[in-house]
Amino acid sequence: MNPPPNTDTRALLEHAGWLRALAYRLVKDSEIADELSQDTWVRALENPPSTDEPLRGWLATVLRNVLRQRQRSEGRRSDRERRVPPALEAPAAGDLIERVAAQKDLAETVLELDEPYRKTILLRYFEECAPRQIARREGIPVSTVKTRLARGLDQLRTRLASKHDSRRGPWALALLPLTRAPLGSGPATPASLTSLGTLLVNTKLAVALVLVTSVGLAVAMLPDREAAVGVPAPSLSAAKPASSPTSPRTETETGEGTLPPQRSEREELAPAAIPTPRAATPPRLNAEGRVVDLDSRGLAGVTVELIASGAGSGAPGEGTTRSGAQGRFRLELSEARGELRVRDEHLETVLFGRVRPGLETTLVVAPRLGVAGRVEDPQGGPIAGARIELQLPRDFRADFDSILDESRDGAWSTLSEADGSFQLRLPSIPRAKLRIAQRDFRAREIEAPSLSQANLVVVLESATLEADRLTGTVLDPAGHPVEGARVSFGIELTESDSRGNFTFDRANPTSPNLRFVQLTDRLPDRLRAVHPGYLPAELPPVRTDASGRALWSDPVVLRLGATPRSIGGRVVDGNGQPVEGAQVWIADPTVLGLRVDPESGSSRLTHMESELAGASPGWNAVSTDALGRFALPGLLERAYRVEAMLPATLQRVSRPGVPAGTQDLELALSAEQVFEVLRGEVVDRN
């Protein structure tokens, strides 16, 4: 929407009060007058008048046109309402129970979906995020988001159908009444399902939906899979029920697809609108996709074959096909088991394709090369049992335009023989690494060859226990050993024993520090210790060795400090009254390391402040009491950003640069953050 350069928007807006007063005189209703004024301004900004027209006369004409269109629309709506049979207005109690049960079943089925489809469905229909918002949050292309939505809805339809032994069956019939409520009947809530009818008209009003109703309608509207073999399931915005030949209709284009316009209420309530369940037929199994090179260019004339499931990379499955124009292929299968690869003496499959009927996959290939060589110790002796493994670049998948959800990374590794020799077939991939590791030697990474090589020699240095073990002791300010202190080296954590001693094995292949080095390209160089009741201890290294590893003087002693500091105060509202139940936290805590759950193996970042306060990993929030008071314990000797939020209204306040030890901090929640009605103006850069 770009008004001509000669349009003076401010000149238009100078007549806002006059226009609103005129609208009120015409309708004698303040709310309707506001709506008429807003519609008039929208049209004025979309199609502004020429500069030689009297503005008030032009605005009055536009306002009267908007009013006439509104009156005609209201008249048609009233006629439709009068034609609705009264007996159909109130659903029977049994229908309500069946509908609620269907909604509960649908919500449970959504939570059972596989990732990433479950998260994408929840973000789209529960958090009400547009596909572009989801793409930004997840760091993925918009096309991937739409594909995940389509496949997630397809999984949902399939699971619901399997639960009820039909494709559409009782669950679809129970959800169908959710689309019948007329527009204007009330706000969208779990009990009032008006917004489902609205969704069929305009996806811009999807913010009025709740999870159960919106996803339920999307799934119920999806076409059967056997009607669209080989085509990904459509997203909610793209689903279109077939038009009746006796009821021609137009289509409304939106930003996310093509949606059918609203039907009349008599059409919505007609028994013929209920779909007849069809018997499920076995789906055709067709593997479809593309073969591309490292530059995303399609390769024609390449042989694609199926690898039998669980048979490894060398066992062929049933049938082969050849890629055509732009690298596209289609392979008829009798069952959906196994993976797809390229069979070519000059090409190596880098990303294999999963076989999922109706979903496209992408096979990525690269030139094949052979590497042979020998793994030796510093004295030239052979090293047996060393694993030589190719590692793809961390951002390898980001270089492709194709959606790679149905593609699996290949694996290339081998073990050195008794004489240290090895042979390995590899793809030629820029920036790939060869990792060579053996438990008695220090692992090494080198650049992967870009050409075939027959005499590669890799020398591994001995990894003695003393060289790779970092030990020390944690003491309190009085010099006594501290048991149970949390000690960090890089991002790896351990605890001191009953004598205050701790140990880190630098050669541990499962250490989180290995991932830390890969992400930051920096070796860990900090030793820290924390324990509730004391300020943390930190010991920098005295020097580094030839490989850049941090070294400390022997013995290593971490001495804890005095009592931690705290920040106290109260949270008040805009009138200075105390606010009870507000959440208060430190917004810029100090990272200590990763705490690993020994049972599940999951890890979470923990902060020094959380450890000093005896809290669980993550951000430590406290609640205000009846007088609005709070206290944040376990703080270091530095300034913090303190934030507070009232969960009921999401009013939030942030105060940076608060020194630890402050006890009279007052955080005021502004009433201006809560708007009963939000009005404004959107203009272009002119």
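Refer to the structure printed above.
None of these values were measured; they are calculated from a predicted model.

Caption draft 1: Representation of the overall build of the protein chain in the model. Check the secondary structure of the protein chain and you find 14 helices and 34 strands. The long-range share in the protein chain, meaning contacts at least 24 apart out of those at least 6 apart in sequence, stands at 62%. Within the structure as shown, the protein chain displays about 36900 Å² of accessible surface, and the carbon and sulfur contribution to it stands at 51%.

Caption draft 2: Summary view of the pairing of strand 9 (residues 360-376). Among the 17 residues that make up strand 9, 12 are buried, leaving the element largely enclosed by the rest of the structure. Bridge count for strand 3 (residues 286-292) against strand 9 is five bridges, and the pairing is parallel. Bridge pairing in strand 9 links R290 to T362. Here strand 8 (residues 347-354) runs beside strand 9; their pairing, made up of four bridges, is antiparallel. Across the sheet, residue L347 finds its bridge partner in strand 9, namely P367. Judged from the seven bridges that link them, strand 9 and strand 13 (residues 421-427) form a sheet pairing that is antiparallel. Opposite A372, over in strand 13, you have Q423 as the bridge partner. The pairing of strand 9 with strand 16 (residues 453-459) spans five bridges and is parallel. Paired with V371 across the bridge in strand 16 is Q453.

Caption draft 3: Geometry of the sheet that holds strand 32 (residues 639-646). Spatial ordering of the open sheet is given by 30-27-32-33, a layout of four strands whose pairing is antiparallel. Both edges of this open sheet fall to strand 30 (621-623) and strand 33 (651-659), since each of them pairs with a single strand only. Averaged over all pairs of adjacent strands, the angle between their axes in this sheet comes to 20°, without regard to strand direction. Bridge analysis of strand 27 (residues 583-586) against strand 32 gives four bridges, and the strand direction is antiparallel. Opposite V584, over in strand 32, you have A644 as the bridge partner.

Caption draft 4: Expanded view of the pairing of strand 19 (residues 492-495). As defined by bridge partners, strand 18 (residues 486-489) adjoins strand 19 across four bridges and the pair is classed as antiparallel. Along strand 19, the bridge assignment pairs R486 with E495. The loop that links strand 18 with its antiparallel partner strand 19 comprises two residues; one of these, G490, has a positive phi angle of about 70°.

Caption draft 5: Representation of the sheet that holds strand 26 (residues 565-572). As summarised here, the arrangement of the three strands in space is 31-26-34, forming an open sheet in which the pairing is mixed. Where the open sheet ends on each side, the last strands, each with one partner, are strand 31 (629-635) and strand 34 (665-668). Adjacent strand axes in the sheet meet at a mean angle of 30° when their direction is disregarded. As judged from the five bridges shared by strand 26 and strand 31, these two strands associate in the antiparallel manner. Bridged to G569 within strand 31 is F630.

Thresholds applied
- Residues numbered from 1 in each chain as written.
- Predicted model: local features only at pLDDT ≥ 70, side-chain atom pairs only at ≥ 80, totals over all residues.
- Heavy atoms only, no water.
- Helix = DSSP H or I, 4+ residues; strand = E, 2+ residues; numbered from the N terminus.
- Contact = heavy atoms within 4.5 Å.
- Areas by Shrake-Rupley, 256 points an atom, 1.4 Å probe, with all protein chains shown as cover.
- Buried < 20%, exposed > 50% of the residue type's maximum accessible area, 1.4 Å probe, protein only.
- Pairing = 2+ DSSP bridges.
- Axes fitted to C-alpha atoms, helices over the stretch in contact; angles between N-to-C directions.

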